[in-house]
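Topology and contacts: notes
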Amino acid sequence: MSDSATPDRADLHLHSTVSDGVLCPADLMAAVAAAGVAVCALTDHDSVAGLGEASIAARAHGLHLVPGIEVSVTHAGRTLHVVGLGIDAASPALTALLGRLDAAREERALAIAARLERHHLPGGDILAAIRGPPVLTRTHFARELVRRGLVADLGQAFKRWLGKGAPGYAPASWPSLGTVTDALRAASGVAVLAHPLRYTLSAGQRRELCRQFADAGGTATEVCVGGQNPAQREVATGLCLRAGLEGSVGSDCHDPALPWQRPGRLAKLPSAITPVWQRWPATAVDRAVSSTIRDAASLQCPT
Ligand code: AMP
Ligand code: MN
Ligand code: MN
Ligand code: MN
């Protein structure tokens, strides 16, 4: 196996300030490179807006960036996350999908604010305060609730207000699984079922979901994810193999300072599983280009 395909040097699930990560794309790429990762993907929620900045920074650090996204899906009444990898960010099919997602997010943000108001929290003020990033997520609501001292931490913000079943929860109508896998494939990408163990499902339902995902044109499922224990990895391995899918690895890092989601700190993909990143081998070009643009002013994060 080539150096570029060494599993513990891939991290194909990362968030920047374009969605709910804490580092801008350039700083995130610097952190990912410093962590020893060779192949990475920026996968912001429902947006490709960080990919330009990330690709310049990745080259400067000799890091191979796979263009990615994490798309929200509504399937059988629940939200799923599908990571798209190797996508053409300019694809008209993807652009149309992102328009739908943006409208769904705007509608849901207004509904969350209204629900918080109904429960005597300043939902309108909170929404006004968090506007700015290309993609407005519940994490932004959660951080603002913490900042205002209305809850102790992010976990409490979701448990008390924003999580499913909580008073500020507003369901979103994301696109269907088939719509999303079709759009990702039309954008020359592959679809990866994100963190398959994170959905509230029985073991049988989870196997069925992976089968449906494969039937819908999905290519891979995440097998090694941040903060996972060996038993969970074994379950994820079984799901992947049984569904005949390839495997991916991703920290789902939103904040590199948090130990359980540090970039690149992932178990090796079991050898029985085909790594999804084999189709994007890092090349010497990444390293050669890097030396020419290392000091480019464009690497500065926007203030
Ligand atoms: P959204 O896509 O706007 O519904 O936001 C989903 C994001 O919220 C996820 O990607 C996580 O980053 C974050 N999130 C969901 N549940 C929790 C939780 N219990 N604690 C912290 N963050 C969470
Ligand atoms: Mn997130
Ligand atoms: Mn996710
Ligand atoms: Mn994620």
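1. A look at the site of ligand 1
In the neighbourhood of ligand 1, the contacting residues comprise Asp20, His45, Arg105, Arg108, Thr137, Arg138, Thr139, Phe158 and His254. In this structure, an oxygen atom belonging to ligand 1 sits 3.1 Å away from a side-chain N or O atom of Asp20. Within the side chain of His254, a nitrogen or oxygen atom sits 3.0 Å from an oxygen atom of ligand 1. Calculation on ligand 1 without its partners gives an accessible area of 500 Å², and the protein chains cover 71% of this total. Partitioning the shell around ligand 1 into residue classes produces one nonpolar, four polar and four charged. Two domains share the shell around ligand 1, each providing at least three of its residues, namely domain 1 (7–97 + 175–293) and domain 2 (102–162).

2. What to know about the packing of helix α3 (residues 92–118) against helix α7 (residues 177–186)
Interhelical geometry of α3 versus α7 gives an angle of 145 degrees and a closest axis separation of 8 Å. Packed against α3, whose contacting residues are Ala93, Leu94, Leu97 and Arg100, the element α7 presents Thr179, Val180, Ala183, Leu184 and Ala186 at the interface. Taken together, the residues of the contact of α3 with α7 break down into seven nonpolar, one polar and one charged.

3. Quick word on the confidence of the model for the protein chain
Residues with a pLDDT of 70 or more make up 90% of the protein chain, whose mean pLDDT is 92. Counting contacts from residues 1–8, a segment whose pLDDT is below 50, to residues more than four positions away or on other chains yields 17 contacts. Note on residues 294–298: pLDDT is under 50 here. Beyond four places in sequence and across chains, it has three contacts.

4. Things to note about the nonpolar core
The biggest cluster of nonpolar side chains holds 68 residues, and the ones touching the most others in it are Met29, Leu85 and Leu184. The residues touching Leu85, leaving out its near neighbours within four places in the chain, are Leu12, Ala41, Thr43, Val66, Pro67, Gly68, Gly189, Val190, Val192, Ser248, Val276 and Trp280. Ranked by size, the runner-up nonpolar core spans 17 residues in total, among them Ile112, Leu116, Leu127 and Ala170.

5. Quick look at the coordination of the manganese ion (ligand 4)
A four-donor tetrahedral metal ideally has 109.5 degree angles, and a six-donor octahedral metal ideally has angles of 90 or 180 degrees. Bound to the manganese ion (ligand 4) on the protein side are His13 (NE2), His15 (NE2), Glu70 (OE) and Asp252 (OD), at distances that span 2.1 to 2.2 Å. Between consecutive donors of the manganese ion (ligand 4), the numbers of intervening residues give the motif H-x1-H-x54-E-x181-D. Separating the manganese ion (ligand 4) from the manganese ion (ligand 2) is a gap of 4.7 Å. Here Asp252 lies in the loop between β7 (246–250) and α10 (284–293) and His13 lies in strand β1 (residues 10–14), a separation of 239 residues in the sequence. Each member of the pair, His13 as well as Asp252, is classed as buried.

6. Here's the deal with the packing of aromatic side chains
Applying the stated criterion across every chain, the model contains zero aromatic pairs. Of note, Arg160 hangs over the ring of Trp161, and the distance from its end group to the ring centre comes to 4.2 Å. We note Arg279 situated over the ring of Trp280; from NZ or CZ to the ring centre the distance is 5.8 Å.

7. Remarks on the coordination of the manganese ion (ligand 3)
The manganese ion (ligand 3) binds to the protein through Glu70 (OE), His81 (ND1) and His195 (NE2), with metal-donor distances spanning 2.1 to 2.2 Å. Between consecutive donors of the manganese ion (ligand 3), the numbers of intervening residues give the motif E-x10-H-x113-H. The metal-metal distance between the manganese ion (ligand 3) and the manganese ion (ligand 2) comes to 5.6 Å. Residue Glu70 is found in strand β3 (residues 64–75), and its partner His81 is found in strand β4 (residues 78–85); the two are separated by 11 residues along the sequence.

8. A few points about the side chain of Thr139
Along the chain, the position of Thr139 falls in helix α5 (residues 138–147). Apart from the residues lying within four places of it in its own chain, the contact partners of Thr139 are Asp20, Leu154 and Phe158.

9. Side note on the environment of Gly178
With respect to the helices, strands and loops of the structure, Gly178 is situated in helix α7. Considered as a pair, Gly178 and Gly204 are 26 residues apart in the sequence and their alpha carbons are 21 Å apart.

10. Describing the pattern of salt bridges
All chains considered together, the criterion is met by eight salt bridges. Residue Arg131 is joined to Glu106 by a salt bridge in which the shortest nitrogen-to-oxygen separation is 2.8 Å. Linking Arg131 in the loop between α4 (123–130) and α5 with Glu106 in helix α3, this pair joins segments that are 25 residues apart in sequence. Residues Arg148 and Glu144 are paired through a salt bridge, measuring 2.8 Å at the closest nitrogen-oxygen approach. When salt bridges with common partners are traced through the structure, they connect Glu144, Arg147 and Arg148 into a single cluster.

11. Overview of the sheet that holds β7
Ordered by their spatial adjacency, seven strands build an open sheet running β1-β2-β3-β4-β5-β6-β7, and the pairing between neighbours is mixed. Because the sheet does not close on itself, it has two edges, and the strands there are β1 and β7. Direction aside, the axes of adjacent strands within the sheet are offset by 35 degrees on average. Pairing analysis gives eight bridges linking β3 to β4, with the strands arranged antiparallel. Counted as the bridge partner of Glu70 is Val83 from β4. Those strands touched by helix α1 (residues 25–34) are β1, β2 (39–42) and β3, and its axis lies near 155 degrees from that of β2.

Definitions and cut-offs
- All residue numbers here refer to positions counted from 1 along the written sequence of the relevant chain.
- Following the order in which they are written, the chains are lettered starting with A and the ligands numbered starting with 1.
- Owing to the predicted nature of the model, reporting of local features is limited to residues with pLDDT of at least 70; listing and counting of side-chain atom pairs is limited to 80 or more, with chain, interface and lining totals taken over all residues.
- The basis for the side-chain values is all heavy atoms of the structure; hydrogens and waters are excluded.
- The near set for a molecule or strand comprises every residue that places at least one heavy atom within 4 Å of it.
- We call two N or O atoms a polar contact when they sit within 3.5 Å, provided that within protein one can donate a hydrogen and the other can accept it, with sequence-adjacent residues counted only if both atoms are side-chain atoms.
- Residue exposure ignores everything except the shown protein chains as possible cover, and the areas themselves are Shrake-Rupley values with a 1.4 Å probe.
- Asp, Glu, Lys and Arg are counted as charged, while Ala, Val, Leu, Ile, Met, Phe, Trp, Tyr, Cys and Pro are counted as nonpolar; the rest, among them Gly, fall into the polar class.
- Domain start and end points were adopted from an automatic or database domain assignment.
- Working convention: axes come from line fits to C-alpha atoms, limited for helices to the stretch in contact. Angles between N-to-C directions cover 0 to 180 degrees.
- Numbering of helices and strands runs from the N terminus, with a helix taken as a DSSP run of H or I at least four residues long and a strand as a DSSP run of E at least two residues long.
- By the convention used here, residues are in contact when the closest approach between their heavy atoms is within 4.5 Å.
- Think of pLDDT as the predictor's per-residue confidence, scored from 0 to 100.
- Nonpolar core, defined: a set of buried Ala, Val, Leu, Ile, Met, Phe, Trp, Tyr and Cys residues in which side-chain atoms within 4.5 Å join the residues together.
- Think of it in three bands: with a 1.4 Å probe and only protein chains considered, a residue is buried below 20% of the maximum accessible area for its type, exposed above 50%, and partly exposed in between.
- Coordination here is defined by N, O and S atoms within 2.8 Å of the metal (3.2 Å for Na, K and Ca), and since water is not considered, a site can look incomplete.
- Two rings from Phe, Tyr or Trp (for Trp, the six-membered ring) form a pair when their centres are within 6.5 Å of each other. A pair whose planes differ by under 30 degrees is stacked, one over 60 is edge-to-face, and the rest are tilted.
- Two thresholds decide whether a charge sits over a ring: the Lys NZ or Arg CZ must be within 6 Å of the ring centre and within 35 degrees of the ring normal.
- Whenever Lys or Arg places a side-chain nitrogen within 4 Å of a carboxyl oxygen from Asp or Glu, that contact is recorded as a salt bridge.
- Pairs of strands are assigned from DSSP output, requiring at least two bridges between the strands.

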